[in-house]
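Chain by chain, the residues run as shown.
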Amino acid sequence: MSSGQNKNTADKAGNTVPVSGKRVLQPGKYELKNLKFLGDFMTTLGLTTTVAAKKAGLTQVTVYYWLKKDDAHLSSVEGLINAWGYKLKMELVSPDDQETSIVVIDKPDERRLAFLERAIAEAGRGEIQKQLGIGNTTIYYWLTHDDIFISYIFRIAEIIGKKVKVTI
């Protein structure tokens, strides 16, 4: 296949999706920390910002902006990943955790930020608000709207001495 021809990738459902050989997300193109998992996801599937965005009903500029800014609303990134047939799960774990199996029997909570609400309750809301420099209602807003900028998840994890584990 010559470099000018199109390549294809498949989503989890097996649908063939054309991807331009020239514009696939190049590793290292963006300085990703908060959205490293999204960059890895797109690279693994061979997605361009255009193809990834289109399938999720977004514009290429939106996905480009997320990657350039290294931040986005969790719900938006989750929507993009779900559009490709994958699920996104985030949790806060001990920095020493090396993928050890942890069994937690808990009532199911379908809320996107349930993991964060538990961690904030354990650590103390006031101290987190103080260290983040946010007002009293910000955490309440995040939890009631079940959405947050991903960078805040990483910042909260750092404050409470945890790391963010992302599973797709």
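This report concerns the structure included in the present document. This one's a predicted model, so the numbers in the text were calculated from it and none came from an experiment.

**Here's the deal with helix α6 (residues 125-132)**
Phase 1: Within α6 the residues assigned to the buried category are Ile128, Gln129 and Leu132. Down the axis of α6, the sector holding all buried residues measures 100°, keeping them to one side.
Phase 2: Of the residues one or two after α6, Gly133 is the one with positive phi, at around 70°.

**Structural notes on unusual backbone geometry**
Phase 1: Positive phi values are uncommon outside glycine, yet Asp70 reaches one of about 60°.
Phase 2: As for its position among the elements, Asp70 is in the loop between α3 (60-69) and α4 (74-83).
Phase 3: The class of Asp70 is buried, set by a relative accessible area of 9%.

**Things to note about the pattern of salt bridges**
It is possible for side chains of opposite charge to pair when their charged atoms get near one another.
Phase 1: Here the structure, examined in full by the defined rule, presents four salt bridges.
Phase 2: Among the salt bridges present, the one from Glu91 reaches Lys89, with a minimum N-O distance of 3.9 Å.

Rules and cut-offs
- Residues numbered from 1 in each chain as written.
- Predicted model: local features only at pLDDT ≥ 70, side-chain atom pairs only at ≥ 80, totals over all residues.
- Heavy atoms only, no water.
- Buried < 20%, exposed > 50% of the residue type's maximum accessible area, 1.4 Å probe, protein only.
- Helix = DSSP H or I, 4+ residues; strand = E, 2+ residues; numbered from the N terminus.
- Arc of directions from axis to C-beta.
- Salt bridge = Lys/Arg side-chain N within 4 Å of Asp/Glu carboxyl O.

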